Amino acid sequence: MGTRNLTVVYIDGKYKVAQYGQWDGYPEGQGVTVLEFARSLNNPIIMEEFKRKVRASSWIGERKIKKINSDIDSGKLKEWQKVYPELSRDTCAKILNIIMERDDGISLQNDIDFAADSLFCEWAWLIDLDAGTFEGYRGFNDHTELKEDDRFYFLRDKERGEYHCIMLAHKWKLSELPSDEDFFDAFREDEDEAV
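Residues numbered from 1 in each chain as written. Predicted model: local features only at pLDDT ≥ 70, side-chain atom pairs only at ≥ 80, totals over all residues. Heavy atoms only, no water.

K.L.:
How should the pairing of strand E5 (residues 123–128) be read in this particular structure?
P.N.:
Walk down a regular strand and you will see the side chains alternate between the two sheet faces. Along E5, 6 of the 6 residues are buried, which leaves the element largely enclosed by surrounding structure. Where burial is concerned, the two faces of E5 agree: the one with Trp-123, Trp-125 and Ile-127 and the one with Ala-124, Leu-126 and Asp-128 are both buried. Pairing of strand E1 (residues 5–11) with E5, which is carried by 6 bridges, proceeds in the parallel orientation. Bridged to Leu-6 within E5 is Ala-124. The sheet contact formed by E5 and strand E6 (residues 133–138) spans 6 bridges and is antiparallel. Residue pairing across strands places Trp-123 opposite Arg-138, the latter belonging to E6. Linking two consecutive strands that pair antiparallel, namely E5 and E6, is a turn of 4 residues; a positive phi of about 70 degrees is found at Gly-132 within it. (Buried < 20%, exposed > 50% of the residue type's maximum accessible area, 1.4 Å probe, protein only. Helix = DSSP H or I, 4+ residues; strand = E, 2+ residues; numbered from the N terminus. Pairing = 2+ DSSP bridges.)

K.L.:
Can you help me understand the environment of Ser-58 in this one?
P.N.:
Relative to the assigned elements, Ser-58 resides in strand E3 (residues 58–59). Once the C-alpha coordinates of Ser-58 and Leu-155 are considered, the two residues, 97 residues apart in sequence, prove to be 20 Å apart. Contact partners of Ser-58, with chain neighbours within four places excluded, come to Ile-106, Ser-107 and Leu-108. (Contact = heavy atoms within 4.5 Å.)

K.L.:
Looking at this structure, how should I read helix H2 (residues 44–56)?
P.N.:
Along an α-helix, residues three or four apart share an orientation, since each turn contains 3.6 residues. Between its first and last C-alpha, H2 extends 18 Å over 13 residues, near the 18 Å set by a 1.5 Å rise per residue. Turning to H2, its buried residues are Met-47, Phe-50, Lys-51, Lys-53 and Val-54. Contacts made by the buried residues of H2 are with E1, strand E2 (14–21), helix H1 (27–40) and helix H5 (95–101). The backbone nitrogen of Ile-45 has a side-chain oxygen 2.8 Å away, supplied by the residue at the start of H2, namely Asn-43. (Expected span 1.5 Å × (residues − 1). Polar contact = N/O pair within 3.5 Å; in protein donor to acceptor, adjacent residues only side chain to side chain.)

K.L.:
What's the story with the environment of His-143 in this structure? I'm lost.
P.N.:
In this fold, His-143 is placed in the loop between E6 and strand E7 (167–173). On the basis of relative accessible area, His-143 is assigned to the exposed category, the value being 65%. C-alpha separation for the pair His-143 and Tyr-163, spaced 20 residues apart in sequence, amounts to 7.5 Å. Looking at His-143, its side chain comes within polar contact range of the side chain of Asp-142, at 3.3 Å. One polar contact links His-143 to Thr-144, side chain to side chain, over a distance of 3.3 Å.

Now the structure itself:
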């Protein structure tokens, strides 16, 4: 289902991954995919390898993206997605696995501004390697303006219309991640409280 989302990794005071995803952004979709990946980071060897590879990654420039995208013919989209999975809207949270599979970092598109558009950015899943946290953000924020200490406050000038930036829904320490069921229940409780 087309539930747009972001997969984000923050390290050394910077956003190093901000992957736009077109599909299944809700907790039972991309949320649990990021949660499962976050669990693997409790292995110190995997954590250090992931940090190294994220640090080695960089943003791809707009001119290069336009050139790469100009190679897409309507009949060659599948081939393009195989060559550039890191630029595909279909990759979603699997970007984390792609980063781990590459040896020397990866060139990524920076879609962090999408967090300002909570009408369309329905969910975001963030791993903060500095704070050691896994965070879930919810869209459709048409009532709460962000405060200075909110993560995406710096994007407030990019908000569209009556919708503000996405809002933090839940946060866990990487060392104390929930079970799948507790994870899903946390978001169900939010919906129950809203009724």
